[in-house]
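Listed below are the residues making up each chain.
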Amino acid sequence: MLSRASHALRRAVASSGTAGATAHSLIPRRLLVASAPSSAVADKAMGAVRHDWTNAEVEALYDRPLLDLVYDAASVHRANHDPRQVQQCTLLSIKTGGCPETCNYCAQSSSWKEDTGLKAEKLMGAEDVLAAARRAKEAGSTRFCMGTAWRGPSQVGKGQFDRVLGMVSEVRDMGMEVCATLGMLDHTQARQLREAGLTAYNHNVDTSPEYYPKVTTSRNYEDRLNTIAAVREAGISVCCGGILGLGEEEKDRASMLRVLANLPEHPESVPINALVPVKGTPLENLEPPSGLEMVRAIAVARIVMPRTVVRLSAGRITMSPADQALAFLAGANSVFTGDKLLTTANNEATEDAKMFEELGLVGRPAFVPYIGGGASSDGSEWGENASKVAPSIREGAERARKDMAA
Ligand code: SAM
Ligand code: DTB
Ligand code: SF4
């Protein structure tokens, strides 16, 4: 039987509401008008937390002149968030490669292992994982995210999943937010993760429902939504976003953001990834989106999900500091830091530290309550750990506490 949350999720996907939708041409409308005033759609929507976006409305936002869009997104951002705070999260692939799924962007699918040359590895031992989490914390990260190249825990059985549950508890005990991305979950697995202390679960819709069959055939959009519903029902905060540059059109980007914004509750976290074209995958020759395309998607995400933490995720390495600055202005308030993402390179720590300083950014402490509500951020660990973390994070914590007290 379908749960209430699953029904609501299905409605979110179905409500594409195309009344008044503009036909898509190859030339975006914003290039056909010399000077476009602020759109009425945007003005009506500005800053409101809504779950009834139509495709036409989100496409209209998407089509706006970039600087108008960024200006409005920045206003929504500043009304809801401390614009100087940007959370640093660190990823670790705790089980790399050999995945039975066929996501055509992914280095870790066993379907193209002959071409990528990526060797499947075993699940890492807990000691190594905890050492990596400790290093991440010392470097200023307040969230640690563990990824496995699994279809889901059911594929591997209880022994391995139990080991991951142990890692979740121990990272959480270090005073870090802990996130996992393990593929599809059922309700029992989601509850077990919650009991182990998981803060957030990452499970991306990746693209629009319309384009999804072009991305993989080994699962469908509904499978993704069912896992998101199980995560939500277990009281774990939801981290759900997508990738730009899979060969989709702008209308797919708008449609993906509409799906996310029309979920019964907005995800607490929305990662926006740029395709990292990996040699040997079916998408190896695609041109990744430009920095400004990333800025546009982030600005729209900020407007349609005003209270969400928007994560500037994979592909940041190809963005200049100026592109990234515009992304932070438009509402991005988290990045992945550390040498590696899961299997691909990430921005240098020294470059990131320099950029944070130049832009006057500070880290976001762990467990700052989500302003939209949402489970898992109770703030209880922060006080006793305050002296052990990087100065930028300490400054962020001070500001957060003052803001909360005000
Ligand atoms: N197997 C799990 C799953 O699919 O949910 C978790 C790991 S998966 C690698 C996590 C997310 O990373 C994907 O949903 C996708 O959005 C992103 N991702 C993976 N490979 C990528 C790539 N080459 N470029 C950009 N994003 C990528
Ligand atoms: C997400 O949306 N992006 C991260 C995280 N969630 C797990 C993963 C990016 C992976 C980039 C490709 C790689 O390193 O293999
Ligand atoms: Fe497997 Fe996740 Fe990669 Fe898809 S994105 S192939 S499910 S690791």
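In the block above lies the structure referred to throughout.
Presented here is an overview of the structure given in this document. Because the structure is predicted, anything quoted here is derived from the model rather than measured.

Considering the overall build of the protein chain
Looking only at helices and strands, the protein chain features 16 helices and 10 strands. Sequence-distant contacts, at least 24 apart, represent 80% of the contacts inside the protein chain between residues at least 6 apart.

Comments concerning the pairing of strand β9 (residues 332–336)
Of all 5 residues that make up β9, 5 are buried, and the element is covered over most of its length. Pairing of strand β1 (residues 85–95) with β9, which is carried by 3 bridges, proceeds in the parallel orientation. In the strand pairing of β9, C89 is matched with F336. In this sheet, β9 lies alongside strand β8 (residues 309–312) in parallel orientation, the contact comprising 3 bridges. For R311, the partnering residue across the bridge sits in β9 and is S334. In this region the chain leaves β8, passes through helix α13 (residues 321–329) and returns to the parallel neighbour β9; the handedness of that crossover is right-handed.

Describing the site of ligand 2
Taken together, 17 residues sit near ligand 2, with P271, L341, L342, T343 and T344 positioned nearest. Counting only elements with at least two residues in the shell around ligand 2, the list comes to β2 (143–148) and β7 (269–274).

Here we look at the environment of D82
By secondary structure assignment, the location of D82 is in the loop between α4 (66–80) and β1. Each C-alpha atom of the pair D82 and R364 lies 9.3 Å from the other, and the pair is 282 residues apart in sequence.

What to know about the site of ligand 1
Around ligand 1, the surrounding shell holds 17 residues, and the nearest of these are T181, N204, N273, V276 and A314. Looking at the shell around ligand 1 residue by residue, the class counts come to 10 nonpolar, 6 polar and 1 charged.

A word on unusual backbone geometry
A positive phi angle is found at D206, which is not glycine, with a value near 75°. Structurally, D206 is set in the loop between β4 (200–202) and α10 (221–233).

Some details on the packing of α4 against helix α12 (residues 291–304)
Following both chains from N to C, one finds α4 and α12 inclined at 45°, their axes separated by 9 Å at the closest point. Taken together, α4 and α12 sit at an angle that is classed as oblique. α4 and α12 meet at a crossing whose hand is left-handed. Only L292, V295, R296, A299, R302 and I303 of α12 make contact with α4, whose side of the interface consists of L66, L69, V70, D72, A73, V76 and H77. Its residues placed into classes, the contact of α4 with α12 shows 9 nonpolar, 1 polar and 3 charged.

Describing α13
Within the sequence span of α13, burial applies to Q324, L326, A327, F328 and L329. Looking at the buried residues of α13, the elements they touch are α4, β1, α12, β8, β9 and α14 (349–359). Of the residues trailing α13, G331 is marked for its positive phi of about 125°.

Digging into the packing of α12 against α13
α13 packs onto α12 with a crossing angle of 5° between their chain directions and a minimal axis gap of 9 Å. If you check the angle between α12 and α13, you find them roughly parallel. Across the interface between the two elements, G291, L292, M294, V295 and I298 from α12 touch D323, L326 and A327 from α13. When grouped by side-chain class, the residues that make up the contact of α12 with α13 number 6 nonpolar, 1 polar and 1 charged.

What counts, and where the lines are drawn
- Residues numbered from 1 in each chain as written.
- Chains lettered and ligands numbered in written order.
- Predicted model: local features only at pLDDT ≥ 70, side-chain atom pairs only at ≥ 80, totals over all residues.
- Helix = DSSP H or I, 4+ residues; strand = E, 2+ residues; numbered from the N terminus.
- Contact = placed C-beta atoms within 7 Å.
- Buried ≥ 20, exposed ≤ 12 C-beta atoms within 10 Å, placed from the backbone.
- Pairing = 2+ DSSP bridges.
- Right-handed = clockwise from strand over helix to strand, strands pointing away.
- Near = placed C-beta within 6 Å.
- Nonpolar A, V, L, I, M, F, W, Y, C, P; charged D, E, K, R; others polar.
- Axes fitted to C-alpha atoms, helices over the stretch in contact; angles between N-to-C directions.
- Parallel < 35°, antiparallel > 145°, perpendicular 65-115°, else oblique.
- Left-handed = near helix turned anticlockwise from the far one by under 90°.

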